[in-house]
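One letter stands for each residue in the lines below.
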Amino acid sequence: NIIGVGGKVANPVHLAGGAANAALMLATTGWANAYAKRGVRVNGINPGQTLTGRLQGRMQALAQQQGITPQEALHKATSELPMGRFADPEEIANLALYLCSPLSSYVTGTVIANTVIGTSISNTVTAVPVAGVTQLTLSGNLANDLDTVR
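Remember, it's a predicted structure, so these values are computed and weren't measured experimentally.

Caption draft 1: Fine view of the overall build of the chain. Scanning the chain for helices and strands turns up 5 helices and 4 strands. Along its sequence from the N terminus, the chain presents helices and strands in the succession α-β-α-α-α-β-β-β-α. Buried residues in the chain amount to 29% of all 150 residues. Of all intrachain contacts in the chain linking residues separated by at least 6 positions in sequence, the fraction that spans at least 24 positions is 65%. Accessible area of the chain: about 9,000 Å², with a carbon and sulfur share of 57%.

Caption draft 2: Quick look at the side chain of Asn-46. Residue position: Asn-46 is located in strand 1 (residues 44–46). A polar atom in the side chain of Asn-46 sits 2.8 Å from the backbone oxygen of Ile-3. With residues near it in sequence (within four places) discarded, Asn-46 still touches Ile-3, Gly-4, Val-5, Lys-8, Met-25, Val-111, Ile-112, Ala-113 and Asn-114.

Caption draft 3: Looking closely at the pattern of salt bridges. Scanning the entire structure with this criterion turns up 1 salt bridge. Linking Glu-91 and Arg-85 is a salt bridge whose minimum nitrogen-to-oxygen distance equals 2.8 Å. Take Arg-85: its relative accessible area is 40%, and that puts it in the partly exposed class.

Caption draft 4: Representation of helix 2 (residues 53–66) in the model. Along its 14 residues, helix 2 runs 20 Å from first to last C-alpha, staying within 8% of the 20 Å computed at 1.5 Å per residue. Among the residues of helix 2, Leu-55, Met-59 and Ala-63 are the ones counted as buried. One face of helix 2 carries all of its buried residues, which in axial projection span an arc of 85°. In helix 2, the exposed positions angled more than 90 degrees off the buried face are occupied by Gln-64 and Gln-65. Those residues of helix 2 that are buried are in contact with helix 3 (70–79). Looking at the residues trailing helix 2, positive phi occurs at Gly-67, about 70°.

Calculation rules
Residues numbered from 1 in each chain as written. Predicted model: local features only at pLDDT ≥ 70, side-chain atom pairs only at ≥ 80, totals over all residues. Heavy atoms only, no water. Helix = DSSP H or I, 4+ residues; strand = E, 2+ residues; numbered from the N terminus. Buried < 20%, exposed > 50% of the residue type's maximum accessible area, 1.4 Å probe, protein only. Contact = heavy atoms within 4.5 Å. Areas by Shrake-Rupley, 256 points an atom, 1.4 Å probe, with all protein chains shown as cover. Polar contact = N/O pair within 3.5 Å; in protein donor to acceptor, adjacent residues only side chain to side chain. Salt bridge = Lys/Arg side-chain N within 4 Å of Asp/Glu carboxyl O. Expected span 1.5 Å × (residues − 1). Arc of directions from axis to C-beta.

Here it is in structure tokens:
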């Protein structure tokens, strides 16, 4: 599950969405406990702020609101982040692929969080074991922003 980090910090503006994200983090752990003995692993990713079309649109709206260029809005937003930049969608996809691969065969019930607390994309990553192969299905904004997932 790719889950917004809003479930970790209460924000009165996005309380309902934060509650849904918190519930999904809890469900991720619960599903992992319930299905681990059947060989099903369930993990979550809190990607933090990721440079998708949705975020770029927010930067354009912020730029218009503040009377600055979109580049200035982007610089202002990223200057406050520990790594000085937003995550790239492919970086989040690579983490999802790792979690679906045999390299993480003993990882379940884990929510991997970006250290940045903020509004994030909300997508679903579903891993379904089929005859020893993991099938990866993406839905939501992340799938729309990625040309290919390898």
